[in-house]
Amino acid sequence: MNKKLFYTVIDLGNCLQMSELENIKIRFPDKFGINEKLRNKQVHNSEFLDLTLQSYKILAFLKNEKLAITESLKANKNVSIFDHQILAAKRIKNELSGTALLADEVGLGKTIEACIVIKEFLTIGLAKRVLILAPPSLLPQWKDELRSKFNLDFVSQNDPKFIDIKSHNLLLLSHSSATYPEKANALQDIFWDMVVVDEAHSMKNAETQKHQLVKNLIKRNLLLLTATPIQNNLEELYNMIELLHPGYLGSWKQFQEKYILDTNVRRINPALKNQLQDILSNVIIRTTRKEVRSYIKFSNRIPHTNILEPTESERKLYDEITQIVRNLYFENYNSLALMTYQRLTSSSTNASKRALYKMKMNEVIDEERFRELTSLANRIPLDSKFSNLQKILEGDSSKYLIFTEFYATQDYIQKNLLESGFDVTLFKGKMSLDEKNESIKRFKSNSQIMISTGAGGEGQNFQFCHNIVNYDLPWNPMKVEQRIGRVHRIGQTNDVQVHNYALKGTIEAYILELLFTKIQLFNMALGELDLMFEDSVSGGLQKTWFKEYMMGTNEQEIINKFSVLGEDWKNRKEQLHEAVDDFNKTVFDNFDLSALSRDEENGN
Amino acid sequence: MEISRKIQNLTLTFLKTIDSDISEKDGVYVAFLPEQYVSYFGQNQIKFTFDEKTADEKNCELIVPGSKILYQIITNCSNKGPISLRYTENHSDKLILRYHFFVNFSSSQNSSEYYSVDIDYNSQQPEKIQDITIPNMDNSSLSKLQAENITACFTSSIEELKSQFKDKQRNFIEKIKKSFQNDLELFVSRYDAEIRELDESINEKENSIHDPSIMREYRFNNLEKIKKLEKDKLTLLDSLQEKHKVDLNFELIACELIQC
């Protein structure tokens, strides 16, 4: 049985080896068209002909350029483009046939590099259909950057313009939604000129649906983006290279036997280092921070955690509302609604009033209770958070970007800041693009302070500001990073001050102190965060925290619960760092995969 | 002419040709577009420059490769497919048809070039003319054209084009075929190796596992893996065919009737 099967397999192999390239289309113009016009004596102004010839000559020139859009990139005011990004894009286009693993260290702008390649391929007609797959939390950032920095209008699934998979040439989808059978089938029916996979380490396991999806897509060019191609062992790197060039490294067993020394699959045979260098440099581009230090200044993030003692009235209001929420929680009331009440209550007094109003409208509390608690809120003259923030602002004339999750809090901060004589501008998610641009312009020129309800910001550059205030705290760590990422990006020359606020005893204080501060979340980069939280079901983290907070019968119990969660995160982060550092030392640091050094080798 | 001059020339000539009202001050151009082009450009006036420094200082679009306006102009111009009349300075009654082609070879690698073929109208044979040509406002030469000759000239131009590009075409296809074969061999040998490894492991286990039910399960699992690999192999072959599919497009983009 086995032997028979064995020979069958080899026969099939031979059959495939004999496969010829089948798809060769040669198109000559038929005798109609221009020829027909001539016969009908239809002629045009010779200027039209000159224009046509000129445009095709320019097009031919651009198609044969190393990177046709270089000049426009350098002149683009909406984005800072660096040499290593241009060189990486050139190498992808001219040497790697549009297929590569972009493995730059975190914070060096892999997204921008991919955008450059996409723009180049679209501009010169090498691509028409492009698919980008990214984690859901990064979709808005991709969309913003493509539109505001590269003038490319990608359609994502939540976009009102979205019709179906087949209707859009420029499509942006989350990894997970693309694996739904209906979508996956539709995606696999299309020939994609280019597929880009962000945070591609999530494709590391060959058995997952995500990996299978990318493998089965019919595509000409593929870009995989990750700062950490390896977390556990070399099989992960092997699996990603398999996506790029199936068979390039042989079978896993062959690769393992030839190049790997240890059973943990983490050590490479030093005798074959040069051979592997050649192999990897044909598929991977990796620029390190060390290489770009001469022209990029990397600033630090300095977190300031302000957990303030609430006033008696603030404490009473928070406790009363929390008690209502807790009671409802045990009655199995809709937990999403309860989380919203709790988040509003933690944000500001004004937002607490909004929570009370919602509770009344949902008949969670009666009119009398509503009036009683609203009256208590009205007796709070100024939020403790605001008083503290005001003192900071009064002593510093530099610009501040204040974030809040809620319009009620935004209104509250704005009203009080204006009364204190500050020049303030607002940024709201629901503003039109023109309104947003106008608001950003005001912030850049006149206003000292911007109060924003969106973590986004339409890909705009806020590098002129280096102070962030988290007036309230998103419970989603990725959102926290997106807020900070508005100002802390390549090109920021100052250290970024991150001011975080919470009132003692509130759920946010526990999240801030026992989770975020413990793992130094405010210093982590997006790639790292994604690695840490990639296994968490969307919204699952927040539900867990809320549950722990609701179940805690006293302060100590809540502290204990959150400490356990924090410890778990801390261990996870340490293990992750250890694994990545170890791999970099044993593998990546042995190889030169940089576009910069290759350019020098070529004498440029 | 360097590319930036060509781009500047194309942009300004295009805007003049479509009758837009253009003004220029300190390197900044403002063009008011005629009604029929407003929706195409998405605005009724465009403000642009060809100088990077000016673009930065005056906040207007820099027209360079990658700019949206240039892309729109190139797309518009390349769709015109025009025919025009010209003559050479010391011309007689001889007629030449000049066919302009854009030759685009695309696959996993790409190459593009512009090429023109001159055909003598009477002999219908290729005959390259080097003289400078001038726009001809007199269209009396058109009346001399006969349908069967036009077709014969056209056919001759295609034959000449084919002959000129024979080697380039063959080399391009060979290059892509080689690249296809390389990719094919890599993945076939990788899949075959894995299938062989699974197959051999069944044989090895048969010598070491004596429990028939465990062995049955082991064999079943490996055979399932082998089936999946075979399926993957065929899917990848399809994908590889698509990736390397060759499109050699000889596009006729314009034609001139030249009186020489």
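Because the structure is a prediction, the values reported are computed rather than measured.

Chemist: Which residues make up the overall build of chain A, and what are the values?
Modeler: Broken down by element type, chain A carries 27 helices and 14 strands. C-alpha extents for chain A along the principal axes are approximately 85 × 75 × 50 Å. Across chain A, contacts joining residues at least 24 apart in sequence account for 76% of those joining residues at least 6 apart.

Chemist: Go over the overall build of chain B, please, and point to the residues and values.
Modeler: Within chain B one finds 6 helices and 9 strands. Relative to the 2.2 N^0.38 estimate, which gives 18 Å for 260 residues, the radius of gyration of chain B is 30 Å and therefore markedly larger than a compact globule would have. Overall, the C-alpha framework of chain B stretches about 95 × 60 × 30 Å when taken along its three principal axes. Looking at the 260 residues of chain B, the share that counts as buried comes to 34%.

Chemist: Explain the environment of Asn-584 of chain A to me, and be specific about the residues and the numbers.
Modeler: For Asn-584 of chain A, the location among the structural elements is in helix α26 (residues 555-586). The spatial distance from the C-alpha of Asn-584 of chain A to the C-alpha of Leu-515 of chain A is 27 Å, given a sequence separation of 69 residues.

Chemist: Give a description of helix α16 (residues 335-347) of chain A that names residues and reports values.
Modeler: Residues and elements named next belong to chain A. For α16, with 13 residues, the first-to-last C-alpha span of 18 Å sits near the 18 Å given by 1.5 Å per residue. Looking only at α16, the buried set comprises Met-339, Tyr-341, Gln-342, Arg-343, Leu-344, Thr-345, Ser-346 and Ser-347. Looking at the buried residues of α16, the elements they touch are α15 (312-330), α17 (349-361), α20 (407-419), α23 (507-516) and α25 (540-551).

Chemist: Now, about the domain arrangement of chain A: what can you tell me, with residues and values included?
Modeler: The accessible area lost on association of the parts is a frequent measure of interface size. Each assigned domain of chain A is listed with its residue range as follows: domain 1 (68-294 + 593-599) and domain 2 (301-308 + 384-551). Here the C-alpha centre of domain 2 of chain A lies 30 Å away from the C-alpha centre of domain 1 of chain A.

Chemist: Explain the sheet that holds strand β4 (residues 61-62) of chain B to me, using residue names and the numbers behind them.
Modeler: Residues and elements named next belong to chain B. Across the sheet, 4 strands lie side by side as β1-β2-β3-β4; this open sheet has mixed pairing. Because the sheet does not close on itself, it has two edges, and the strands there are β1 (21-25) and β4. As defined by bridge partners, β1 adjoins strand β2 (residues 28-32) across 5 bridges and the pair is classed as antiparallel. Bridge assignment links Lys-25 to a residue of β2, and that residue is Val-28.

Chemist: So what's going on with the interface of chain A and chain B? Which residues, and what values?
Modeler: Chain A puts 75 residues into the contact, and the matching count from chain B is 88 residues. Of all the elements in the fold, those that place two or more residues in the side of chain A that touches chain B are α1 (2-17), β1 (24-27), α2 (34-39), α3 (46-63), α4 (70-75), α6 (110-123), β7 (218-225) and α12 (252-259) of chain A. Among the elements that make up the side of chain A that touches chain B, the one with the highest residue count is α3 of chain A (18 residues). Here the side of chain A that touches chain B is built from residues that sort into 33 nonpolar, 25 polar and 17 charged. The pairing of β1 of chain A with strand β9 (residues 246-259) of chain B spans 4 bridges and is classified as parallel. Bridged to Ile-26 of chain A within β9 of chain B is Leu-248 of chain B.

Chemist: Mind laying out the sheet that holds strand β2 (residues 100-102) of chain A, listing which residues take part and the relevant values?
Modeler: Residue and element names in this part refer to chain A. Strand order in the open sheet made by the 7 strands is β4-β5-β3-β6-β7-β2-β8, with parallel pairing throughout. Looking at the sheet topology across the chains shown, the edges are occupied by β4 (155-156) and β8 (284-285). Summarising the sheet, β4 and strand β5 (residues 170-174) pair through 2 bridges and their orientation is parallel. In the sheet register, Ser-156 faces β5, and the bridge partner there is Leu-172.

Chemist: Report on the packing of α15 of chain A against helix α18 (residues 367-378) of chain A, specifying residues and quantitative values.
Modeler: Between two packed helices, both the angle of their axes relative to each other and the distance between the axes serve to describe the pair. All names here are of chain A. Across the interface, α15 lies against α18 with an axial gap of 9 Å and an inter-helix angle of 150°. Put simply, α15 runs roughly antiparallel to α18. Considering the relative orientation of α15 and α18, their crossing is left-handed. Where α15 abuts α18, its residues Ser-313, Lys-316, Leu-317, Glu-320 and Ile-321 lie against Leu-373, Leu-376 and Ala-377. Classifying every residue of the contact of α15 with α18 by side-chain character gives 5 nonpolar, 1 polar and 2 charged.

Chemist: Could you give me a rundown of unusual backbone geometry, with the residues and numbers involved?
Modeler: Phi at Asn-332 of chain A takes a positive value of approximately 60°, unusual for a residue other than glycine. Tracing the backbone through its elements, the reader meets Asn-332 of chain A in the loop between α15 and α16. Judged by local crowding, Asn-332 of chain A falls into the exposed class, with 7 C-beta atoms found within 10 Å. For Asp-19 of chain B, which is not a glycine, the phi torsion comes out positive at approximately 65°. A count of 11 C-beta atoms within 10 Å places Asp-19 of chain B in the exposed class.

Chemist: Pulling in residues and values, what's your account of the nonpolar core?
Modeler: Within the largest apolar cluster, 143 residues are counted, with the highest numbers of intra-cluster contacts made by Ala-100, Leu-101, Leu-102 and Leu-224 of chain A. In this structure, Leu-417, Ile-468, Trp-475 and Ile-507 of chain A belong to the second largest nonpolar core, which totals 68 residues.

Chemist: Got a sec to walk through the confidence of the model for chain B? Specific residues and values, please.
Modeler: When pLDDT is low, close inspection of the predicted coordinates is not appropriate. Residues and elements named next belong to chain B. Averaged over chain B, the pLDDT score is 90; the fraction of residues at 70 or greater is 99%. No element of chain B has a lower mean pLDDT than strand β8 (residues 133-135), at 83, and none a higher one than β2, at 95. Here the complex is predicted with pTM 0.80, and the ipTM for its interfaces comes to 0.88.

Chemist: Which residues make up the pairing of strand β10 (residues 400-403) of chain A, and what values go with them?
Modeler: Residue and element names in this part refer to chain A. In β10, alternate side chains face the same way, and those of Tyr-400 and Ile-402 on one face and Leu-401 and Phe-403 on the other are all buried. Where β10 and strand β13 (residues 467-470) come together, 3 bridges link them in parallel fashion. Within β13, the position partnered with Ile-402 by the bridge is Val-469.

Chemist: I'd love a proper account of the pairing of strand β7 (residues 110-120) of chain B, names of residues and values included.
Modeler: Residues and elements named next belong to chain B. As paired strands, strand β6 (residues 95-106) and β7 are joined by 11 bridges and run antiparallel to one another. What sits directly across from Arg-98, in β7, is Asp-118. Between β6 and β7, which follow one another and run antiparallel, lie 3 residues.

Thresholds, definitions, all that
Residues numbered from 1 in each chain as written. Chains lettered and ligands numbered in written order. Predicted model: local features only at pLDDT ≥ 70, side-chain atom pairs only at ≥ 80, totals over all residues. Helix = DSSP H or I, 4+ residues; strand = E, 2+ residues; numbered from the N terminus. Contact = placed C-beta atoms within 7 Å. Rg over C-alpha atoms; globule rule 2.2 N^0.38 Å. Buried ≥ 20, exposed ≤ 12 C-beta atoms within 10 Å, placed from the backbone. Expected span 1.5 Å × (residues − 1). Domains from an automatic or database assignment. Pairing = 2+ DSSP bridges. Nonpolar A, V, L, I, M, F, W, Y, C, P; charged D, E, K, R; others polar. Axes fitted to C-alpha atoms, helices over the stretch in contact; angles between N-to-C directions. Parallel < 35°, antiparallel > 145°, perpendicular 65-115°, else oblique. Left-handed = near helix turned anticlockwise from the far one by under 90°. Core = buried A, V, L, I, M, F, W, Y, C linked by C-beta atoms within 7 Å. pLDDT = per-residue confidence, 0-100.

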